[in-house]
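# Examining the three-dimensional arrangement
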Amino acid sequence: MASSSDANNATTPYLLPVGIDLGSLNSRIAIIREDSAEAQIIPNTQGQHFTHAISTPESEPENGKKTEFIYGDAAQRHLIRSGSQERPEEYLVRKMCRQAASDDDDNGSNGDDDGARTVKESSAGAFLGHLTELACDASAVKPSTLRVVVSVPNGGSPDVIKGVLKCCDAGVKGLIASKEGKRKKKEMAKEDLVLGVISDAAAVCVAHGLTKLTKTEETTTNGSANGNHATFPNRKRCLVIDWGNSGLNLTWLSILNADDTAPLLHTVETTHHANCSGEKILSTLVQHLVTAFKTKHRAYRNENILASKKTAFKLHNAAKDAVKTLSQTNTTAVFIDGVFDGLDLNASLTRARWEMLCGPMLRLAEAALRGVYKRCCREGDEVVVLTAGGGC
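Report on the accompanying structure. (Residues numbered from 1 in each chain as written. Predicted model: local features only at pLDDT ≥ 70, side-chain atom pairs only at ≥ 80, totals over all residues. Heavy atoms only, no water.)

Now for the layout of surface pockets. Empty space within the largest pocket amounts to approximately 1,200 Å³. What lines the largest pocket is a set of 48 residues, and nearest its centre among them are Asp21, Ser151, Ala203, Val204 and Ala207. Elements with a minimum of two residues in the lining of the largest pocket: strand S1 (16-22), strand S2 (26-31), strand S3 (40-42), strand S7 (146-152), strand S8 (194-199), helix H7 (200-207) and strand S16 (383-389). Looking at the lining of the largest pocket element by element, the count peaks at 6 residues for S2. (1 Å grid on protein atoms, 1.4 Å probe; cavity = no way out; pocket = protein on both sides within 12 Å on 5 of 7 lines; lining within 4 Å. Points joined across faces, edges and corners; volume = space filled by probe spheres on them. Helix = DSSP H or I, 4+ residues; strand = E, 2+ residues; numbered from the N terminus.)

On to a positive patch on the surface, then. On the surface, Arg77, Arg81, Lys310 and Lys314 cluster together into a patch of positive charge. Of all elements in the fold, only helix H2 (72-81) and helix H9 (309-326) reach the threshold of two or more residues within the positive patch. Secondary-structure assignment places Arg81 in helix H2. Take Arg81: its relative accessible area is 65%, and that puts it in the exposed class. (Patch = residues over 30% accessible without salt bridge, like charges linked within 9 Å, V, L, I, M, F, W, Y side chains within 5 Å. Areas by Shrake-Rupley, 256 points an atom, 1.4 Å probe, with all protein chains shown as cover. Salt bridge = Lys/Arg side-chain N within 4 Å of Asp/Glu carboxyl O. Lys, Arg positive; Asp, Glu negative; His and termini not counted. Charge placed at Lys NZ, Arg CZ, Asp CG, Glu CD. Buried < 20%, exposed > 50% of the residue type's maximum accessible area, 1.4 Å probe, protein only.)

This part takes up the pattern of salt bridges. A complete count under the given rule lists 9 salt bridges for this structure. Of the charged contacts in the structure, one is a salt bridge between Glu121 and Lys166, with a shortest N-O distance of 3.2 Å. Taken together, the residues Glu121 in helix H4 (residues 112-139) and Lys166 in helix H5 (residues 158-180) connect sequence positions 45 residues apart. Accessibility expressed as a relative area gives 26% for Glu121, which makes it partly exposed.

The next point concerns the side chain of Thr56. Structurally, Thr56 can be placed in strand S5 (residues 55-57). With a relative accessible area of 3%, Thr56 lands in the buried category. When sequence neighbours within four positions are dropped, the list of residues in contact with Thr56 reads Glu68, Phe69, Ile70, Ala75, His78, Leu79, Tyr91 and Ser123. (Contact = heavy atoms within 4.5 Å.)

Bringing the packing of H2 against H9 into the picture now. Two numbers describe how H2 lies on H9: the axes approach to 9 Å, and their chain directions differ by 155°. Judged by the inter-axis angle, H2 sits roughly antiparallel to H9. Along this stretch, H2 crosses H9, giving a crossing that reads as left-handed. Where H2 approaches H9, its residues Gln76, Arg77 and Ile80 are matched on the opposing element by Lys309, Lys310 and Phe313. Taken together, the residues that form the contact of H2 with H9 break down as 2 nonpolar, 1 polar and 3 charged. (Axes fitted to C-alpha atoms, helices over the stretch in contact; angles between N-to-C directions. Parallel < 35°, antiparallel > 145°, perpendicular 65-115°, else oblique. Left-handed = near helix turned anticlockwise from the far one by under 90°. Nonpolar A, V, L, I, M, F, W, Y, C, P; charged D, E, K, R; others polar.)

Ranked by size, the top nonpolar core spans 41 residues in total, and within it Val18, Ile20 and Val150 carry the most contacts. If sequence neighbours within four positions are ignored, Val18 has contacts with Ile29, Ala30, Ile31, Ala135, Leu146, Arg147, Val148 and Val149. Formed by 25 residues, the second largest nonpolar core is a distinct cluster that contains Ile281, Leu289, Ala319 and Val323. (Core = buried A, V, L, I, M, F, W, Y, C linked by side-chain atoms within 4.5 Å.)

The subject of this paragraph is the packing of helix H8 (residues 278-296) against H9. In contact at an axis separation of 9 Å, H8 and H9 are set at 110° when each is read in the N-to-C sense. When the axes of H8 and H9 are compared, the pair comes out roughly perpendicular. Once H8 is placed against H9, the crossing between them reads as right-handed. For the pair formed by H8 and H9, the contact residues are Glu279, Leu282, Leu285, Val286, Leu289 and Val290 on the first element and Leu315, His316, Ala318, Ala319, Lys320 and Val323 on the second. Residue composition of the contact of H8 with H9, grouped by class: 9 nonpolar, 1 polar and 2 charged.

On to the packing of aromatic side chains, then. Taken as a whole and judged by the stated rule, the model has 5 aromatic pairs. Aromatic side chains Trp252 and Tyr373 sit 5.6 Å apart centroid to centroid with 80° between the ring planes, which places their arrangement in the edge-to-face category. Separated by 121 residues along the polypeptide, Trp252 in strand S12 (residues 248-256) and Tyr373 in helix H11 (residues 359-376) bring together distant segments of the chain. Classification of Trp252 as buried rests on a relative accessible area of 0%. With 6.1 Å between their ring centres and 50° between their planes, Phe293 and Tyr300 make a pair best called tilted. Judged by relative accessible area, Phe293 falls into the buried class, the value being 2%. Owing to a relative accessible area of 18%, Tyr300 belongs among the buried residues under this scheme. Counting every residue linked through ring pairs, the aromatic cluster contains Phe293, Tyr300 and Phe340. Cation over ring: Lys120 sits above Tyr91, and NZ or CZ is 5.2 Å from the ring centre. (Phe/Tyr/Trp six-rings, centres within 6.5 Å; stacked < 30°, edge-to-face > 60°. Lys NZ or Arg CZ within 6 Å of the ring centre and 35° of its normal.)

The values are spatial; any link to function lies outside them.
In C-alpha cells, the structure reads:
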C-alpha cells in the first residue's frame, strides 16, 4: 500500500526553475529539467541562443482587440520600416521596465503619454512572457509550474529591478491566462511566480557551480584523513568580468562556506566603465564604415548619412557581423547593398585595423582590470576569474 507521502509526491507537479538573463541589448533563457542538474539554454524560434531584447506591437492597439507583439530583430526592422518617430532603442525591454516602475511613482497623468507608456509596459511584459513560453514549449510543462529568476547587469537601479519584477510577473500570468485559462490565472494571482532579480555577477557564479556545497575531509596534524568530520572550504574570491552593451562591469566577490548552509556571496567591489561599452565599439566601427563609404563616393563627403534610420540600421548590423567574424578570423569583407541613396558599400576590415580603432577602449579596459585586481587580490587567495560577454 502506498504511503500518503508517496501519493503527495505523485500529485505534486515539478516546479520548473527558469533563469532569464536580461541584458541591456540581448537576452537569453535557461531551464533546469527535473532529470538534470545542469542548466540548459533554450534557443528562440530562429534557433539562436540570444534574442534581441526589443519588443513592439505589430499594429496600433485598438479597443476591444487583442494586441499582437513582435520581438527581437523583427521588432527592430518593423520600427524602422514603420517610420516611427522614436528610435528603436526606446523599445529596449530593460528601458521599458524602468519606465514602468517610474510610472508607478508618478501620480500625474498626461493623456497620450500615459497611453504610450501603457503600450511600452505591455510590450515589456509580452517579451518576458514570450521567453517563458519558449521554456514551456521546450520542457512540455504548464506555465503555472514555472518559477522565474531574472538577472540584470550590475548597477541596476531600484527602478529597473522593480520594473522587471512587475513586467515579468505580468508576462508570466498573461501566459497562464492564454494557455490555462483565466480561472487558473485568478488562482495563481497571489503566487510568487517571479522569485527575484539578481545581478549578473551572482548569476554567473551560480551558473558555474561556485555556490554549491562542497564538503572536504578534515585532516589531522600528521596529514591523515579523519572521515568522522567534514569541514567546508574557507573563502574563495571570484572576479567576474562582464563586458556588455552598456559597459565593462568588474565585480569582485567573496564566496564563503561558513557551515553546512548555502554559501554566502559578498560583493567586495564593483566598478562600471561606460567608456568601454559594446555600443561604443560598434559606433567606432560604424564611423569607420561611413568614412570608407565617403572616401569612395566623394560627392557625399559632407552628407550625414547616419541621419537615415535605414542606413544606420544596415551599418550597425554590418558592424556586429564584422566583430563576430573577426573573433574567429583575421579579416572580413563588409558588403551592404544600397546602403545610402542606392549606392553600395564594399570594404574590408582586418583584426589589426579593428585593434587600432578600438585601441583606446582596450587600453582603458586593461587598466581597469589591473586596478581592480591590485586592490582586491591578496597573497594566497584562491581566485576564480569568470568572463561574460554580450552587446555585440
